[in-house]
Amino acid sequence: MKFIPNKKEALLFICMIAGHFLFAQIDKEATKETKALYRNLKIISKKNILFGHQHALEYGHGWSNEVDRSDVKSVTGSHPAVVGIDFSGFSGHSKEEIAKTAAILKENVIATYERGGITTVSWHFRNPVSNEGFYWKDSSSVAAMAFIKPGGSHHEEYKTILKTIADFAHSVKGKDGTLAPMIFRPFHEFDGDWFWWGKKYTSREDFIAVWQFTVAYLRDTLQVHNFIYAFSPDTRFNSEAEYIERYPGDNFVDMFGLDDYGDFGRDGKYDVEAGLHRLSIISALAIKKKKLAAFTETGLESIPDANWWTQTLLKTLKSKNLQLAYVLVWRNDATSPTHFYAPFPGQVSVPDFINFYNDPFTLFEKDVVHVYGKSFKIR
């Protein structure tokens, strides 16, 4: 016999369906590919994790600007699944310099998209008020968030900067004409005091006002529909309440992130249990709110611990049924002999990294197929 619900039962069913999707992806007009990426990242996070590397294809240990090269590929045969770029060059420079930067990044993003990889974007935002760098300097920096928020003296300038970002987002089209989705991660590590947008220099109200305006202006006014928005503090929280102290709301965040170097060996100090606790908080929050979570930055500079990949990072990622879409380690500088976070041929941690790579739990670029479509699968 066919079941025909009464009005009360039908209403309950509708509420259940609405509740399932409530507060999921914040851009209801997101491109088909961006929606698919969001959905597939959620699927991945339940049983696997993608590996990412910042600036992986722009330069590496002892090289720069070489086609289809990354240190990760030189070691494993595959690029990282997630490639980090930065919008730092999109303001505070001449129009010519900005255009040149955009052209280089455009080529990078499209190439990654065509290969089936994923781009995540950090933003080391030059201070638009003092026209200095992104780091806070006690002698000269300006607490600029109050000035770029709606009604602030530099708000129109900020809108112009966001227009540059929107123009870039609209430009990254694959061969089939579709836009490459990107995970956009503005104002990262905002709970620290090393960036001008840090907690020490910005009220909670101003931070939330700028974040909400940034998302709404890009999404609703400038019609950017290929961004997934990530919220990522550093480690100055030990509870969900502390984590969301500056949270701008469910309509303005797609992904909960964490940047954590301190618990994973920085300066020779390990507190992996503390790191795992923090990752557990963002994983649980994403499950509760039907959003994504990711380990948005980590790593061990110079990787002196030969077994760090499997004995520290992988062990942590496999603990407590964490649901994290990806883990990203920081860049490999082209000229510094010590500033690197992923191995390159001959580096001491290469054998362990290959074990990390071969573990069924970790996914690299060649392991994922059709991540931007309904036919997504893992090799």
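Each value, and the rule that gives it
Residues numbered from 1 in each chain as written. Predicted model: local features only at pLDDT ≥ 70, side-chain atom pairs only at ≥ 80, totals over all residues. Heavy atoms only, no water. Phe/Tyr/Trp six-rings, centres within 6.5 Å; stacked < 30°, edge-to-face > 60°. Helix = DSSP H or I, 4+ residues; strand = E, 2+ residues; numbered from the N terminus. Buried < 20%, exposed > 50% of the residue type's maximum accessible area, 1.4 Å probe, protein only. pLDDT = per-residue confidence, 0-100. Axes fitted to C-alpha atoms, helices over the stretch in contact; angles between N-to-C directions. Parallel < 35°, antiparallel > 145°, perpendicular 65-115°, else oblique. Contact = heavy atoms within 4.5 Å. Nonpolar A, V, L, I, M, F, W, Y, C, P; charged D, E, K, R; others polar. Polar contact = N/O pair within 3.5 Å; in protein donor to acceptor, adjacent residues only side chain to side chain. Expected span 1.5 Å × (residues − 1). Left-handed = near helix turned anticlockwise from the far one by under 90°. Salt bridge = Lys/Arg side-chain N within 4 Å of Asp/Glu carboxyl O. Pairing = 2+ DSSP bridges. Right-handed = clockwise from strand over helix to strand, strands pointing away.

Asks: Can you walk me through the packing of aromatic side chains in this structure?
Replies: The relation between two aromatic rings is expressed through the spacing of the ring centres and the mutual angle of the planes. Counting across every chain of the model gives 49 aromatic pairs. Centre to centre, the rings of Phe125 and Phe187 are 6.3 Å apart; their planes meet at 50°, and the pair counts as tilted. Taken as a pair, Phe125 in the loop between strand 5 (118-122) and helix 5 (145-148) and Phe187 in the loop between strand 6 (182-185) and helix 7 (204-221) lie far apart in primary sequence, 62 residues in all. Looking at Phe125, the relative accessible area reads 1%, which means it is buried. Under the relative-accessibility criterion, Phe187 is labelled buried at 1%.

Asks: Explain the confidence of the model for the protein here, please?
Replies: Counting all residues, the mean pLDDT for the protein is 94, and 94% of those residues have values of 70 or more. Of all secondary-structure elements in the protein, the lowest mean pLDDT belongs to helix 1 (residues 7-21), at 39, while strand 10 (residues 326-329) reaches the highest, 99.

Asks: Can you help me understand the packing of helix 10 (residues 308-317) against helix 11 (residues 350-358) in this one?
Replies: Each packed pair of helices is defined by two parameters, the angle between the axes and the distance between the axes. Viewed as axis vectors pointing N to C, helix 10 and helix 11 meet at an angle of 45°, and their least axial separation amounts to 8 Å. Compared by their axis directions, helix 10 and helix 11 come out oblique. For the pair helix 10 and helix 11, the contacting residues are Trp308, Trp309, Thr310, Leu313 and Leu314 in the first and Asp352, Phe353, Asn355 and Phe356 in the second. Grouping the amino acids of the contact of helix 10 with helix 11 by side-chain chemistry returns six nonpolar, two polar and one charged.

Asks: Would you mind going over the side chain of His225 with me for this structure?
Replies: Tracing the chain through its elements places His225 in the loop between helix 7 and strand 7 (227-231). A polar side-chain atom of His225 sits 2.8 Å from a polar atom in the side chain of Asp27. Sequence-distant contacts of His225, defined by excluding residues within four places in its chain, comprise Asp27, Glu29, Ala30, Thr31, Thr34 and Arg219.

Asks: What am I meant to see in helix 2 (residues 32-47) here?
Replies: The α-helix winds at 3.6 residues per turn, so residues separated by three or four positions along the chain end up facing the same way. Given a rise of 1.5 Å per residue, 16 residues ought to cover 22 Å, and the 24 Å separating the end C-alpha atoms of helix 2 matches this to within 8%. Residues of helix 2 that are buried include every one of Glu33, Thr34, Ala36, Leu37, Tyr38, Asn40, Leu41, Lys42, Ile44 and Ser45, and no others.

Asks: Any chance you could explain the packing of helix 4 (residues 95-115) against helix 6 (residues 155-171) here in plain terms?
Replies: For the pair helix 4 and helix 6, interaxial distance at closest approach is 10 Å and the crossing angle is 35°. Crossing hand, helix 4 versus helix 6: right-handed. Contacts between helix 4 and helix 6 involve Ile98, Ala102, Leu105, Lys106, Val109 and Ile110 from the former and Thr164, Phe168 and Ser171 from the latter. Of the residues contributing to the contact of helix 4 with helix 6, the split by class is six nonpolar, two polar and one charged.

Asks: Could you clarify how one ought to interpret the pattern of salt bridges in this entry?
Replies: For the coordinates displayed, the defined rule picks out 16 salt bridges. As a salt-bridge pair, Arg185 and Asp259 come within 3.0 Å of each other at their nearest N and O atoms. One end of the pair, Arg185, is in strand 6; the other, Asp259, is in strand 8 (residues 255-259), with 74 residues separating them in the sequence. Arg185 gets classed as buried once you look at its relative accessible area, which sits at 2%. The partner of Glu245 in a salt bridge is Arg246, with the nearest N and O atoms 3.2 Å apart. Residues joined in a network through salt bridges with shared partners are Arg185, Asp259 and Glu297.

Asks: Just checking my understanding: could you explain the environment of Pro128 for this structure?
Replies: On the secondary structure map, Pro128 appears in the loop between strand 5 and helix 5. Between the C-alpha atoms of Pro128 and Met145, which are 17 residues apart in sequence, the distance is 9.4 Å. Not counting chain neighbours up to four residues away, the residues in contact with Pro128 comprise Ala144, Ile148, His154, Glu157, Ile161 and Trp196.

Asks: For this particular structure, what's the right way to read the pairing of strand 4 (residues 82-86)?
Replies: The side chains of a regular strand alternate between both faces of the sheet. Most of strand 4 sits inside the fold, with five of its five residues counted as buried. The alternating pattern of strand 4 places Val82, Gly84 and Asp86 and Val83 and Ile85 on opposite faces, both of which are buried. Summarising the sheet, strand 1 (residues 49-54) and strand 4 pair through three bridges and their orientation is parallel. Bridge pairing links Gly52 to Val82 in strand 4. As paired strands, strand 4 and strand 5 are joined by five bridges and run parallel to one another. Counted as the bridge partner of Asp86 is Ser122 from strand 5.

Asks: Where do I start with the pairing of strand 7 in this structure?
Replies: The buried count for strand 7 comes to five of five residues, which makes it a mostly enclosed element. Side chains Phe227, Tyr229 and Phe231 of strand 7 all project onto a buried face; the interleaved residues Ile228 and Ala230 project onto the opposite face, where all are buried too. By the bridge criterion, three bridges tie strand 6 to strand 7 in an arrangement that is parallel. The residue bridging Met182 from the neighbouring strand is Phe227, located in strand 7. Taken together, strand 6, helix 7 and strand 7 constitute a β-α-β crossover, and its handedness is right-handed.

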